[in-house]
Each structure stands twice: as structure tokens, then as C-alpha cells.
Amino acid sequence: MWMKKKMMSKCSPAGAGASASRDGVPPSSESMGSPQGGSRRSLRRRASPRRRQAGYVASRDKASYDSRQRHKVEVDLKKVPMEATLLIDCPDAKGVVAASASMLYGQGCNIIETDQHSCPDAGLFFQRLHFDYSDCYLGNSEAALVGLEAAIESVADRFDMKWSLSFSNKPKRMAVLVSKFDHCLYDILLRKNSKELECEIPLIISNHDDLRHVGEQFGIPFYHLPMRKDPSATPDQKMGFKLEQEAEIERLLEEYDIDVVVLARYMQVLSDDFCRRHESHTINIHHSFLPAFEGGYPYHRAYDRGVKIIGATAHYITADLDAGPIIDQDVIRISHRDSVGDMIQKGRNLERSVLSRALSWHLEDRVLIHNNKTVVFGY
């Protein structure tokens, strides 16, 4: 699970001589070699054995059983998505595209989709490669996939890359954190049931008990983890109460093997430590067009300011409140005739659509984070 993924050091800034051209370089044997010795410069996210496993699964289809095998059925590998996504972040240089493509070809992989973006001013290059590894020469066992990662890292060493690799044979597991507002929660659950969001949602966590009926309606375990309150508590004691509650959240995330956390109008400020641990896989929906009106009561403040547009922003969390990398945003026009209530109602429609798009892109591994900005492939 993501709590156990290994993180390597970030790449260095591009040099002054970095070129914006990447084609015209023939495949190199270095792209298919073993990892180089010494320090490594890549950022690696290893898939867990549970996510890589493509062996046996339980089946409820009685027709699939035979007399020799009553409780297990071997998966038809043609029906299992033996696909993976490679995200690349590196200084712009000649031969990056050729090297990554020839490396995958050399491993027997077939590229299904590719997208790339360069920033000439910053001398940076970003790429997303979605590929099929069902015919990989190394096979599809755990050890073979480690070998595939080693081949990727041999290219990363040459081009000073940060990279991440994710596998598609298991849907990501997502935890939804909510408070009292139900519009984003309902939208997520309905989209998941209609397969607009390809994921599993094994639990809902809330600091209030108001939305328990939603979990029951969809057959999803609902955990009420209230924040302990004491009017006479000191600031240190209040922080202790927060850390106690977050420890329970951490325990559930570990127990349910969660990959993605979504704050679907979870009206609780998380501690800096929690944000730092989960910033790369936790998405928040904020009800304003950030960076305007961060923090609480943005609609009320927008009404007082007399703005003519309001918006919603989906972003990754950071220790700085509402300042994380932005994934998606949208706005709608309002006028002096709109009350705060009107603004809230119009804003809820934006919150649903913006959050669902951001979740879809994250689940499909289309978002790459560089410093405090995002590159969204296929936007």
C-alpha cells in the first residue's frame, strides 16, 4: 500500500544547456541494462504484492468450477488488465522519448497511450506512458516486475529522472472523509456505482454521525470518529485531541489498505504531520476559486466582497491550508441578486463536478506533481 512505497530523492534542476529537442536518438543498450551503482536519483512508487498479484481469485460463477477445483479458479490472463502507467519528470534533453520508448520495447511491452509536455523556460520535460506488459519478456511475476522497474531506473539514471510506476490489475482503494454536507459524498458514490470512477470505497470516515444513513444506503462501513471537546482545554490539549482522532484515522487507513483519501467537504483542519504523510494521495475540495478566499466561510466572504464569480478547487493537501497543488478548478457567474444561499447552491454543483474530474484523473494516474504545481495529462 502507499504507506510502504519507497521514495527516492528528487531530480536536480535542469542545466543551462538543456535542449528542447528529444527525438532523433537511436535506442541505446544502456536503456535495457541493470541499475547503475551509487546513489539513485529516481522517485519510485512500488506496487504492493497484493496489487501485482494476478494469480488466483475466488469465483461465484458455478459454471466455472470443475471436479478438480471447487474453491479457486485461475484467472484468464487475457481478461486481467496487464497494464501499467509510467510517469516521468526530468530535465529536458535530447533522446528522452526515444530512450523510454526503446526501453519498454526492449522489455517486450506495448505502449498503448503516451502524452508529454515540455517547459522550455524551466528546461523541464514531463511524460506519461500507459503500456501493456502482458507479453513482457520477463513475465508478470513479482520478481519480473522488479526487473522491469530496474530497466526503467537504468534510463532514469541517464536522464536524472523522477519517476513513478503503477499497475492497473487492481483498482485503487479510496477512503472518503466527510462532515455534515452530503452532496459530494453522494456524487462520489453514485459515480463509483456507475463505474465513472474506477475504484473501491471500503469505508467512510466522519467527525459527525449525521451521514451514517448514506453509508448504510450504499452498504459501506461508516466510522464516526468525533473530535473530543473541552471548553477549558489549553491549545496543547486541543492539539492532543486532534492527534488522538487522527491516530484512529491512520489505523483505519492501514487496516483497509487505502491508496487514496478524499476530503469530501471534511470540515476539519488536519495536522501538519498528517498532511505531510499523505499529501501525494489526499485530495480536498475547497468551495472557492483558490487562491481567493482560502479557509472558512468562503461564500460568505465572497458575498461581502461583492465578487461576480465564485468557484471550486480540487487540490492535494499540504501543511499550508488550502495551498496544495491544484488539480482542477471551475467558476460560475453570480450577480448582486444572488444571496449567500444562492451562492452556496450554485457552488455545490461546481464542487461535485470539479471533485469528480480530479478524482478520475488521479485514479487513472494522469496527474504528476512537480514542486507545488501539477501536470494533468489528457486535460
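Residues numbered from 1 in each chain as written. Predicted model: local features only at pLDDT ≥ 70, side-chain atom pairs only at ≥ 80, totals over all residues. Heavy atoms only, no water.

### Description of the sheet that holds strand S3 (residues 83-91)
Note the following rule: Only when DSSP finds a minimum of two bridges between them are two strands counted as paired. Runs of H or I in DSSP of at least four residues are treated as helices and runs of E of at least two as strands, each being numbered from the N terminus. As a rule, the C-alpha atoms of each element are fitted with a line to give its axis, helices using only the stretch in contact, and angles between N-to-C directions run from 0 to 180 degrees. Contacts are assigned to residue pairs that have any heavy atoms within 4.5 Å of one another.
Spatial strand order, S4-S5-S3-S6: four strands in an open sheet with antiparallel pairing. Taken across any chain shown, the strands that pair with only one partner, and hence form the sheet edges, are strand S4 (110-119) and strand S6 (162-167). Mean inter-strand twist for the sheet, computed between neighbouring axes without regard to direction, equals 10°. When S4 meets strand S5 (residues 124-132), the two strands line up antiparallel, connected through nine bridges. Its bridge partner lying in S5, Ser118 is registered against Phe125. The strands that helix H2 (residues 96-106) touches are S3, S4 and S5; relative to S5, the one it contacts most, it runs at about 20°. In this fold helix H3 (residues 142-159) packs onto S3, S5 and S6, with an angle of close to 160° to the strand it touches most, S6.

### Considerations on the nonpolar core
For soluble globular proteins, the rule of thumb is that nonpolar side chains tend to be buried together. Stated formally: Nonpolar cores are built from buried Ala, Val, Leu, Ile, Met, Phe, Trp, Tyr and Cys residues. Side-chain atoms within 4.5 Å join them into one set. Residue burial is assigned from relative accessible area. The probe radius is 1.4 Å, only protein chains are included, and a residue is buried under 20% of its type maximum, exposed over 50%, and partly exposed in between.
Ranked by size, the top nonpolar core spans 34 residues in total, and within it Ile188 and Leu355 carry the most contacts. Where this core is concerned, the elements lending two or more residues are strand S7 (172-178), helix H4 (183-193), strand S8 (199-206), helix H5 (212-218), strand S10 (260-263), strand S11 (282-286), strand S12 (309-316) and helix H9 (340-363). In terms of residue count, the dominant contributor to this core is H9 (seven residues). The next biggest cluster of nonpolar side chains, apart from the first, holds 26 residues, and it includes Ala84, Leu86, Ala156 and Phe159.

### Describing the packing of H2 against H3
Quick note on the threshold: Between 65 and 115 degrees an angle is taken as roughly perpendicular, under 35 as roughly parallel, over 145 as roughly antiparallel, and anywhere else as oblique. When the near helix sits turned anticlockwise from the far one by under a right angle, the crossing is termed left-handed; a clockwise turn instead gives a right-handed crossing. The residue classification treats Ala, Val, Leu, Ile, Met, Phe, Trp, Tyr, Cys and Pro as nonpolar and Asp, Glu, Lys and Arg as charged. All others, Gly included, are polar.
Taken N-terminus to C-terminus, the directions of H2 and H3 make an angle of 165°; their axes are 10 Å apart at the nearest point. By the criterion of interaxial angle, the relationship of H2 to H3 is roughly antiparallel. The interaxial crossing formed by H2 with H3 has right-handed handedness. Counting all contacts with H2, which are made through Val96, Ala99, Ser100 and Met103, the residues of H3 involved are Ala151, Ile152, Val155, Arg158 and Phe159. For the contact of H2 with H3, the residue count by class is seven nonpolar, one polar and one charged.

### Some words on helix H8 (residues 298-305)
Heads up, the condition is: What the arc covers is the set of directions going from the helix axis to the C-beta atoms.
Taken as a whole, H8 has its buried residues at Pro298, Tyr299 and Ala302. Around the axis of H8, the buried residues are gathered within 100° of arc, so they sit on the same side. On the buried face of H8, the contacting elements are S11, S12 and H9. Positive phi shows up at Gly306, right after H8, with a value of about 75°.

### Section: the pairing of S3
Extensive coverage of S3 is indicated by the burial of eight of its nine residues. Both S3 and S5 contribute to a ladder of nine bridges, which runs antiparallel. Note that in S5 the partner of Glu83 across the bridge is Asp132. Taken together, the six bridges between S3 and S6 define a ladder with antiparallel strand orientation. Residue pairing across strands places Leu86 opposite Leu165, the latter belonging to S6.

### Section: the environment of Glu200
Its place among the elements puts Glu200 in strand S8. Expressed as a C-alpha distance, the spacing of Glu200 and Met174, which sit 26 residues apart in the sequence, is 6.0 Å. Once you skip the residues sitting within four places of it in the chain, Glu200 turns out to touch Pro171, Lys172, Arg173, Met174 and Lys192.

### Thoughts on the packing of aromatic side chains
Heads up, the rule is: Here a Phe, Tyr or Trp ring, Trp counted by its six-membered ring, pairs with any other such ring whose centre lies within 6.5 Å, and the pair is stacked when the planes are under 30 degrees apart, edge-to-face when over 60, and tilted otherwise.
Applying the stated rule across the entire model yields three aromatic pairs. Between the aromatic rings of Tyr223 and Tyr256, the centroid separation amounts to 5.9 Å while the plane-to-plane angle is 70°, which identifies the pairing as edge-to-face. Of the two residues, Tyr223 is situated in strand S9 (residues 222-224) and Tyr256 in the loop between helix H6 (235-255) and S10; the sequence distance between them amounts to 33 residues. Tyr223 sits in the partly exposed class, given a relative accessible area of 24%. On the basis of relative accessible area, Tyr256 is assigned to the buried category, the value being 15%.

### Section: the environment of Asp230
The cut-off we apply is this: Under this definition, polar contacts are N or O atom pairs within 3.5 Å; protein pairs additionally need one hydrogen-donor-capable and one acceptor-capable atom, and for neighbouring residues in sequence, both atoms have to be side-chain atoms.
Relative to the helices and strands, Asp230 is located in the loop between S9 and H6. For Asp230, a relative accessible area of 32% puts it in the partly exposed group. Along the chain, Asp230 and Phe241 lie 11 residues apart, while their C-alpha atoms are 9.3 Å from each other. Those residues within four positions of Asp230 in sequence are excluded, and the remaining contacts are Lys238 and Phe241. Side chain to side chain, Asp230 and Ser232 meet in a polar contact 2.8 Å long.

Any link to function would need more than the numbers given here.
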